[in-house]
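Descriptive structure summary
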Amino acid sequence: MFGDEFMTKLAQTPDPRITWPTEQAPASAMVFAQNVIDVAATPGAVWSQLIDCVRWPQWYKYCSDVSMLRGGSQLSAGSKFRFKTLDRYFEPEVLTFVPEQMLVWKAEDPAGTSGAHAWLIEPRPDGCRVTTEESQIGWFLFFLRARTRGRLLESHEEWLRALKERAEPIRD
């Protein structure tokens, strides 16, 4: 862990405010990962970084080759995009899009798994708290459950750290 602002816990409870696709609900997942960080920025500042997925490779080291497949130049309700992360390509479709609050997408994996990724932004007096959760299902995960969860926790923690750095105003 990187410090007090990161709250990745071994025992994780899915946030009940997140709207999951029925088949991706964390209760039925083979893999579930949750990471949380407090950011000294407005929800709007965080949101603008999240929906500008084409720019993720500029600040998130586990992401490359991003392109929009449907829905304009940024993520929006019903949009679809393509990106490479952790050495694999995915083509997620945005299922939930509540500006400055919640973003949920779902993607299939060529290896026979599927997953949903959620972002929840909640205002706080000193900025906002950002929670990211991922839920995955598929027979292949039976063999790689612990490894997959570890990679998700590590990469999502890095994603949150980079998002925080990008969204927070520059301080002297």
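Looking now at the overall build of the chain. Helices and strands together make up the secondary structure of the chain, namely two helices and eight strands. When its helices and strands are written in sequence order, the chain yields β-α-β-β-β-β-β-β-β-α. Overall, the C-alpha framework of the chain stretches about 50 × 40 × 30 Å when taken along its three principal axes. Split into buried and exposed, the 172 residues of the chain put 49% on the buried side. Considering only intrachain contacts with a sequence separation of at least 6, the fraction spanning at least 24 residues in the chain is 57%. When the accessible surface of the chain is split by element, carbon and sulfur atoms take 53% of a total near 8700 Å².

Here the structure, examined in full by the defined rule, presents 14 salt bridges. A salt bridge links R17 to E122; the nearest nitrogen and oxygen atoms lie 3.2 Å apart. On the criterion of sequence distance, the pair formed by R17 in the segment before β1 (31–39) and E122 in strand β7 (residues 114–124) is long-range, its members being 105 residues apart. Owing to a relative accessible area of 43%, R17 belongs among the partly exposed residues under this scheme.

So, about the nonpolar core. By size, the foremost hydrophobic cluster in this structure holds 31 residues, and its most contacted members are V46, W56, L75, W119 and V130. Looking at this core, the elements that each hand over two or more residues are β1, α1 (43–51), β2 (63–70), β3 (80–85), β6 (102–108), β7, β8 (127–137) and α2 (141–167). The dominant element in this core, judged by the number of residues it contributes, is α2, at five residues. For W119, the residues in contact, after removing those within four places along its chain, are L50, Q101, M102, L103, W105, V130, T131, T132, W159, L160 and L163. Among the nonpolar cores identified, the runner-up in size contains eight residues, and W20, M102, A116 and L120 belong to it.

This next bit is on the packing of aromatic side chains. Tallied over the entire structure, the rule returns 12 aromatic pairs. Aromatic side chains W105 and W159 sit 6.4 Å apart centroid to centroid with 45 degrees between the ring planes, which places their arrangement in the tilted category. Taken together, the residues span a long stretch of sequence, with W105 in strand β6 and W159 in helix α2 at a distance of 54 residues. Taken individually, W105 and W159 each receive the classification buried, so the pair is uniform in this respect. Chaining the aromatic ring pairs together yields one cluster made of W56, Y60, Y62, F81, F83, F90, W105, W119 and W159. The ring of Y89 carries R82 above its face, with NZ or CZ at 4.0 Å from the centroid.

The subject of this paragraph is unusual backbone geometry. Phi at D87 is positive, roughly 70 degrees, even though this residue is not glycine. Phi at E100 is positive, roughly 65 degrees, even though this residue is not glycine. Topologically, E100 is positioned in the loop between β5 (93–98) and β6. Under the relative-accessibility criterion, E100 is labelled partly exposed at 39%.

According to the stated counting rule, one finds zero disulfides in the structure shown. Free of any disulfide, C53 has its nearest neighbouring cysteine sulfur in C63, separated by 8.0 Å. The exposure class of C53 is buried, given its relative accessible area of 0%. Unpaired in this structure, C128 has its nearest cysteine sulfur neighbour in C53, at a distance of 19 Å.

What counts, and where the lines are drawn
Residues numbered from 1 in each chain as written. Predicted model: local features only at pLDDT ≥ 70, side-chain atom pairs only at ≥ 80, totals over all residues. Heavy atoms only, no water. Helix = DSSP H or I, 4+ residues; strand = E, 2+ residues; numbered from the N terminus. Buried < 20%, exposed > 50% of the residue type's maximum accessible area, 1.4 Å probe, protein only. Contact = heavy atoms within 4.5 Å. Areas by Shrake-Rupley, 256 points an atom, 1.4 Å probe, with all protein chains shown as cover. Salt bridge = Lys/Arg side-chain N within 4 Å of Asp/Glu carboxyl O. Core = buried A, V, L, I, M, F, W, Y, C linked by side-chain atoms within 4.5 Å. Phe/Tyr/Trp six-rings, centres within 6.5 Å; stacked < 30°, edge-to-face > 60°. Lys NZ or Arg CZ within 6 Å of the ring centre and 35° of its normal. Disulfide = S-S within 2.5 Å.

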